Amino acid sequence: MNAQHPIQRPRRLRRTPWLREIVAETRLHPSQLIQPHFCLPKESGREPIASMPGIERLGIRDLIETVGEDMKLGIRTVLLFGLAEDGCKDSTGSASGDADSAVTNAVRALKEEFGRDLMVMTDVCICAYTDHGHCGVLEDGDVKNDPSLPLLTSMAVAHADAGADIVAPSDMMDGRIAALREGLDAAGHEEIGILSYAVKYASAWYGPFRDAADSAPGHGDRKSYQMDPRNAREASRETALDEAEGADMLMVKPALSYLDVIARMRAETHLPVVAYNVSGEFSAVKAAAEKGWLDEGAVVYETLTSIARAGADLIITYHAREALREGWIKK
Ligand code: PBG
Ligand code: ZN
């Protein structure tokens, strides 16, 4: 190429907005966005979450109202997290499998209201229900794997009984996909899918969520079960195992520090890849935007686009509602 007279001019395809649009390699559609919700164990109520501006814990009536509004924006998939009723946390998180919990009641109400127009996913993990806040049964200071599986299985079955479309185990116990699949099938829920939090890192970006769901570990951390941020090959191992155990979709979490892992998984599996743009990733943008240090809409657009470009088919994000309402991503 002659530097004075280049034949190749990439700028030719950047000349006008429409030209840029027709050669865009990545497109975001509202159907790719999943809005998370924190469900209160009561009929009504809205509790703001200090570290997550614009996100509230919702009673059932308020959840129905909010989801109804979101559906008008094009958000038709939700991921539900439940808060435990006062005084019901214990060492094994036994309330997690109740047929009458914040999540099961929310699922029933949502399905009654919206039926098949809404895809209801539920998070399956006992940490919001254990008095120690860990994601599995604690014995002698260690989180025990196999004793946790029946608890997770009953929780998933309770959610499926209530009408959940997809259950999403986030605990990171080994073998839980096989255990859930077996339990769901035995309960007649062969049709209910499993979205595995297959590749979930022990991350500092979950901080605000733990306030929101009241699920912070009372002592220690989650490093004996969540993945080490230094590892990517291990993500391939988790992917292969969960696929073999019967997962229907695979998640990478968090998203932004792990875009390389999303790309790796996209190359390795034929299953849908889901990325979780987690609470801290949301709150950091919110805080900077409140200070006027970042253009929130532009940052959210670029963030969600990067996650899709890395290879995620679906994105769980607290930004979903505003991104659509404010036109940060086009409908
Ligand atoms: C619970 C769970 C967590 C998140 C989803 N499910 C927290 C954790 O593992 O400590 C994090 C979600 C977020 O930060 O938005 N197992
Ligand atoms: Zn947990």
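For the structure itself, look to the data block above.
For clarity, every value in this text was computed on a predicted model and none was experimentally measured.

**Q** What am I meant to see in the pairing of strand β4 (residues 77–82) here?
**A** Among the 6 residues that make up β4, 6 are buried, leaving the element largely enclosed by the rest of the structure. Across the two faces of β4 the burial is the same, with T77, L79 and F81 and V78, L80 and G82 all buried. The sheet contact formed by strand β1 (residues 33–39) and β4 spans 5 bridges and is parallel. Across the sheet, the residue bridging to Q35 is V78, located in β4. Tracing the backbone out of β4, into helix α3 (residues 102–114) and back to the parallel element strand β5 (residues 119–124) gives a crossover that is right-handed.

**Q** Is there a simple way to think about the coordination of the zinc ion (ligand 2) in this case?
**A** Tetrahedral metal sites with four donors have an ideal angle of 109.5 degrees; octahedral sites with six donors have ideal angles of 90 or 180 degrees. The zinc ion (ligand 2) binds to the protein through C125 (SG), C127 (SG) and C135 (SG); the donor distances cover 2.2 to 2.3 Å. For the zinc ion (ligand 2), the 4 donor atoms in the first shell make angles of 102 to 115° at the metal, so the coordination geometry reads as tetrahedral. Summarised as a motif, the one-chain spacing of the donors to the zinc ion (ligand 2) is C-x1-C-x7-C. You'll find C127 and C135 in the same group, each marked buried.

**Q** What am I meant to see in the side chain of K253 here?
**A** With respect to the helices and strands, the residue K253 is situated in strand β10 (residues 249–253). Summary of buried charges: K253 has no salt-bridge partner, and the nearest side chain of opposite charge, D123, is 6.0 Å away. Once residues within four sequence positions are removed from consideration, K253 is found in contact with Y197, V199, K200, Y201, Y206, Y276 and V278.

**Q** Would you mind going over the environment of V273 with me for this structure?
**A** Secondary-structure assignment places V273 in strand β11 (residues 273–277). For V273, a relative accessible area of 0% translates into the label buried. Setting aside chain neighbours within four positions, we find V273 in contact with L250, I262, M265, R266, G311, A312, D313 and L314.

**Q** I would appreciate a short explanation of the pattern of salt bridges in the present structure.
**A** Any two side chains of opposite charge can pair if their charged atoms end up close together. Per the stated rule, a full pass over the model turns up 21 salt bridges. D62 is paired through a salt bridge with R46; the nearest N and O atoms lie 3.4 Å apart. Taken as a pair, D62 in helix α2 (residues 60–73) and R46 in strand β2 (residues 46–48) lie far apart in primary sequence, 16 residues in all. A residue is classified by how much of its surface remains accessible, and D62, at 13% relative accessible area, is buried. When salt bridges with common partners are traced through the structure, they connect R46, E56, D62 and E65 into a single cluster.

**Q** What am I meant to see in the layout of surface pockets here?
**A** Leftover empty space is mapped by rolling, across the atoms, a probe with the size of a water molecule. The computed volume of the largest pocket comes to approximately 630 Å³. Lining of the largest pocket is provided by 22 residues; of these, E21, A24, T26, R27 and Y301 occupy positions nearest its centre. Within the residue set of the lining of the largest pocket, elements represented by two or more residues are α1 (17–22) and α10 (296–310). Its residues assigned to classes, the lining of the largest pocket comprises 8 nonpolar, 5 polar and 9 charged.

**Q** What should I look at first to understand empty space enclosed by the protein in this one?
**A** This model, assessed by the stated rule, comprises 1 cavity of 30 Å³ or more. Empty space within the largest cavity amounts to approximately 260 Å³. Along the walls of the largest cavity sit 25 residues, with F81, D123, C127, S170 and F209 positioned nearest its centre. Elements with a contribution of two residues or more to the lining of the largest cavity: β4, β9 (193–200) and α6 (207–213). Ranked by the residues each element gives to the lining of the largest cavity, the list is headed by α6, at 3 residues. Of the residues belonging to the lining of the largest cavity, the class tally is 15 nonpolar, 5 polar and 5 charged.

**Q** What is the right way to look at the nonpolar core in this model?
**A** A general trend in soluble globular proteins is that nonpolar side chains are found buried together. Within the largest apolar cluster, 82 residues are counted, with the highest numbers of intra-cluster contacts made by L80, L110, V199 and I262. The greatest single-element share of this core, amounting to 8 residues, is contributed by helix α4 (residues 149–162). In this structure L110 touches L63, I64, V67, V78, L80, G115, L118 and V120, once residues within four positions along its chain are discounted. F38, L40, A168 and Y206 belong to the second-largest nonpolar core, a separate cluster that totals 27 residues.

**Q** What is the right way to read the pairing of β1 from this model?
**A** Within β1, 7 of the 7 residues are buried, which leaves the element mostly enclosed by the surrounding structure. Alternating residues of β1 divide into L33, Q35, H37 and C39 and I34, P36 and F38, and every residue in both groups is buried. Two strands pair when backbone bridges link them, and β1 and strand β12 (residues 314–317) are joined in this way by 2 bridges, in the parallel orientation. Along β12, the bridge assignment pairs I34 with I316. Strand direction decides the pairing type here: β1 and strand β3 (residues 56–58), joined by 2 bridges, are parallel.

Rules used throughout
Residues numbered from 1 in each chain as written. Chains lettered and ligands numbered in written order. Predicted model: local features only at pLDDT ≥ 70, side-chain atom pairs only at ≥ 80, totals over all residues. Heavy atoms only, no water. Buried < 20%, exposed > 50% of the residue type's maximum accessible area, 1.4 Å probe, protein only. Helix = DSSP H or I, 4+ residues; strand = E, 2+ residues; numbered from the N terminus. Pairing = 2+ DSSP bridges. Right-handed = clockwise from strand over helix to strand, strands pointing away. Donors = N, O, S within 2.8 Å, 3.2 Å for Na, K, Ca; no water. Tetrahedral: all angles 85-135°; square planar, octahedral: opposite > 155°, others 65-115°. Lys, Arg positive; Asp, Glu negative; His and termini not counted. Salt bridge = Lys/Arg side-chain N within 4 Å of Asp/Glu carboxyl O. Contact = heavy atoms within 4.5 Å. 1 Å grid on protein atoms, 1.4 Å probe; cavity = no way out; pocket = protein on both sides within 12 Å on 5 of 7 lines; lining within 4 Å. Points joined across faces, edges and corners; volume = space filled by probe spheres on them. Nonpolar A, V, L, I, M, F, W, Y, C, P; charged D, E, K, R; others polar. Core = buried A, V, L, I, M, F, W, Y, C linked by side-chain atoms within 4.5 Å.

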